[in-house]
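# Coordinate inspection notes
Letter by letter, the chains look like this.
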Amino acid sequence: MDVTEDPMIRLQGVSKTYPGGQLAVHELDLDVGRGEMVTLVGPSGCGKSTTLKMVNRLIEPTTGQIFIDGTDVTHEDPVKLRRGIGYVIQQVGLFPHQKILTNVMTVPLLYGESKARARDRAHELMELVGLDPATYADRYPHQLSGGQRQRVGVARALAANPPVLLMDEPFGAVDPVVRGRLQDEFRRLQRDLGKTVLLVTHDIDEAIRMGDRVAVFAQGGRLAQYDVPAVVLGSPADEFVADFVGSSRGLRRLAVTRIDPIHLEPLDGINTGDLAAAIDVESTLEEALAVLMREDKMMLGVKQGPKFLGVLTPNSIHASLRASIAEG
């Protein structure tokens, strides 16, 4: 693992042993860069949620140090610490008898904001997560879908403008179609806002789709591998990681491999009517393949801004994927 310079989150030698001797996390070293999203993934009981909760001290570490923005938070007031960290869980935890607007206003009011400013902030955040305040502000949590409640949870976590967001299975309670949409929208939101995010999931597909880097935990709270998704998929650190990632990891690389211009074909001699809609060169092979399948075409134009770079075909997708696997 490369050491991140000046990380936003740093765990050094962090362990958690419960009464009775159960080891949940074992001497964990982990750096999370500023503005980076790191996913923690592994089987049930491997210590990933315990690790997350130690960062905001919902669980106290047995040994080690935890730094946020250079400050050792193991000696901070835990209540004050938590107010400066966004926290999103699977069950959202909204106040059921309060309107959505009031739920989102809670944190700014705790920080001493005026009601007028807290209301304005809540409106901004609702719009940011795709909930029109005119439609949803006066509704109650039970009147929202699961996906909408998750959006409110994210808005509330962002209400104090925290530099760090902790997310524990945030999309696990919604159906697969909604989950995929929420993942994509939150990824864009995170990039726009530059938040540092630790996200726990049991789903390797979600981990590689969401994470700039992926931390794979093994039983006993051991960090088995920590790297960018393409390396975790292409070069598992050991047999455990290979088994956990699964035999379909080659296909999973489609989601983390970007279009490589070297494998594009020239437009010369190609009828533009045979092309699917153009896609940006920063797109993944998975996104490109989805466009080809949706439009039932065999060729896809690829652009960088207004500049046309070439044509992507199923053969060039295959070549790009093989090259990525060979490099990994």
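Use the structure listed above.
This text gives an overview of the structure that appears in the document. (Residues numbered from 1 in each chain as written. Predicted model: local features only at pLDDT ≥ 70, side-chain atom pairs only at ≥ 80, totals over all residues. Heavy atoms only, no water.)

## Here we look at the packing of aromatic side chains
Our working definition: Any two of the Phe, Tyr and Trp rings considered here, Trp counted by its six-membered ring, make a pair once their centres fall within 6.5 Å; the pair's planes then place it as stacked at under 30 degrees, edge-to-face at over 60, or tilted in between. A helix here means a DSSP run of H or I that spans at least four residues, while a strand means a run of E at least two residues long, and both kinds are numbered starting from the N terminus. To sort residues, take the accessible area from a 1.4 Å probe on protein chains only and compare it with the maximum for the residue type: under 20% means buried, over 50% means exposed, and anything in between is partly exposed.
Under the counting rule described, the total for this entry stands at two aromatic pairs. A ring pair is formed by Phe 240 and Phe 244, whose centres lie 6.1 Å apart and whose planes are at 20 degrees; its orientation type is stacked. One end of the pair, Phe 240, and the other, Phe 244, are both in helix H10 (residues 239-245), four residues apart, so they sit about a helical turn from each other. Overall, the relative accessible area of 24% leaves Phe 240 in the partly exposed class.

## Describing the packing of helix H3 (residues 100-110) against helix H6 (residues 146-157)
The following threshold applies: Every axis in this analysis is a line fitted to C-alpha atoms, fitted for helices over the stretch in contact. Angles between the N-to-C directions lie between 0 and 180 degrees. Relative orientations are named as follows: roughly parallel for angles under 35 degrees, roughly antiparallel for angles over 145 degrees, roughly perpendicular for angles from 65 to 115 degrees, and oblique for any other angle. Throughout, a crossing is termed right-handed when the near helix is turned clockwise from the far one, and left-handed when it is turned anticlockwise from it by less than a right angle. Any two residues having at least one pair of non-hydrogen atoms within 4.5 Å are treated as being in contact. For this classification, Asp, Glu, Lys and Arg are treated as charged, while Ala, Val, Leu, Ile, Met, Phe, Trp, Tyr, Cys and Pro are nonpolar and the rest, including Gly, are polar.
At a minimum axis distance of 8 Å, the contact between H3 and H6 shows a crossing angle of 30 degrees. Taken together, the axis directions place H3 and H6 in an arrangement best described as roughly parallel. Of the two possible hands of crossing, H3 and H6 adopt the one that is right-handed. Only Val 152, Ala 155 and Arg 156 of H6 make contact with H3, whose side of the interface consists of Ile 100, Asn 103, Val 104 and Val 107. Tallied by class, the residues present in the contact of H3 with H6 amount to five nonpolar, one polar and one charged.

## Focus: the layout of surface pockets
Rules: Here a cavity is any set of points on a 1 Å grid over the protein atoms alone where a 1.4 Å probe fits but cannot get out, and a pocket is any open set with protein on both sides within 12 Å along at least 5 of 7 lines; a residue lines the site when it has an atom within 4 Å of a point. Grid points are joined across faces, edges and corners, and a volume is the space filled by probe spheres set on the points.
Taken as a whole, the largest pocket holds about 610 Å³ of empty space. Lining the largest pocket are 22 residues, with Arg 191, Arg 209, Arg 258, Thr 284 and Glu 287 positioned closest to its centre. At the level of secondary structure, the elements contributing two or more residues to the lining of the largest pocket comprise helix H7 (176-193), helix H8 (204-210), helix H9 (229-234) and helix H12 (285-295). Per-element tally for the lining of the largest pocket: the top contributor is H7, with five residues. Considering only residue class, the lining of the largest pocket consists of eight nonpolar, four polar and ten charged. Roughly 510 Å³ of volume is contained in the second largest pocket.

## A word on the sheet that holds strand S6 (residues 85-89)
Condition: Being paired, for any two strands, means DSSP has found at least two bridges between them.
Overall, mixed pairing links the six strands, which are arranged S6-S7-S8-S3-S9-S10 in an open sheet. Of all the strands in the sheet, just S6 and strand S10 (222-227) have a single pairing partner and so form its edges. In this sheet, neighbouring strand axes are inclined to one another by 15 degrees on average, regardless of whether the strands run parallel or antiparallel. As judged from the five bridges shared by strand S9 (residues 213-218) and S10, these two strands associate in the antiparallel manner. Looking across to S10, one finds that Ala 218 is bridged to Arg 222. With respect to the sheet, H6 is in contact with S6 and strand S7 (164-168), its orientation differing from that of S6 by roughly 165 degrees.

## As for the pairing of S9
Along a regular strand, successive side chains alternate from one face of the sheet to the other. For S9, the buried fraction is high: six of the six residues fall into the buried class. By the alternation rule, side chains of S9 split into Arg 213, Ala 215 and Phe 217 and Val 214, Val 216 and Ala 218, which are all buried. In sequence, S9 turns back onto S10 through a hairpin of three residues, with Gly 220 there showing a positive phi of about 85 degrees.

## Some details on the environment of Leu 292
Mapped onto the elements, Leu 292 comes out in helix H12. Take Leu 292: its relative accessible area is 4%, and that puts it in the buried class.

## Some words on the environment of Leu 101
Relative to the elements of secondary structure, Leu 101 occurs in helix H3. Separated by 20 residues in the primary sequence, Leu 101 and Arg 121 have C-alpha atoms spaced 9.9 Å apart. Beyond its immediate sequence surroundings of up to four residues, Leu 101 is in contact with Arg 119, Ala 122, His 123, Met 126 and Ala 137.

## Some remarks on helix H4 (residues 115-128)
Defined as follows: Working rule for helices: expected span equals 1.5 Å times residues minus one. Regarding the arc, it is the one traced by the directions from the helix axis to the C-beta atoms.
If you check H4, its first and last C-alpha atoms are 20 Å apart, about what 14 residues at 1.5 Å a residue would give, namely 20 Å. Where H4 is concerned, the buried positions are Ala 118, Arg 121, Ala 122, Leu 125 and Met 126. Down the axis of H4, the buried set is contained in an arc of 135 degrees. They therefore lie on one face. Structurally, H4 contributes buried residues whose contacts are with H3, helix H5 (133-136) and H6. A positive phi of about 85 degrees marks Gly 130, the residue just after H4.

## Things to note about the sheet that holds strand S4 (residues 63-68)
By way of backbone hydrogen bonds, the strands of a sheet pair with one another, either parallel or antiparallel. Here we have four strands laid out as an open sheet, ordered S2-S1-S4-S5, and antiparallel in their pairing. The open sheet has two free edges, formed respectively by strand S2 (23-32) and strand S5 (71-72), since each of these has just one partner strand. Contacts from helix H1 (residues 48-55) reach strand S1 (9-17), S2 and S4 within the one sheet, and its direction differs from that of S1 by about 120 degrees.

## Structural notes on unusual backbone geometry
If a residue is not glycine, its phi is most likely negative; likewise, a peptide bond is most likely trans. In the Ramachandran plot, Asn 161 falls in the positive-phi region, its phi being about 55 degrees despite a non-glycine side chain. In this fold, Asn 161 is placed in the loop between H6 and S7. Although it is not a glycine, Glu 169 sits at a positive phi angle of roughly 50 degrees.

## Observations regarding the packing of H6 against H7
Where H6 meets H7, the closest approach of the two axes is 11 Å, and the angle between their N-to-C directions is 20 degrees. Between H6 and H7, the angle is such that the two are roughly parallel. Between H6 and H7 the crossing geometry is right-handed. Along its contact with H6, which presents Gly 147, Gln 150, Arg 151 and Val 154, the element H7 presents Val 178, Arg 181, Leu 182, Glu 185, Phe 186 and Leu 189. A per-class count over the contact of H6 with H7 returns five nonpolar, two polar and three charged.

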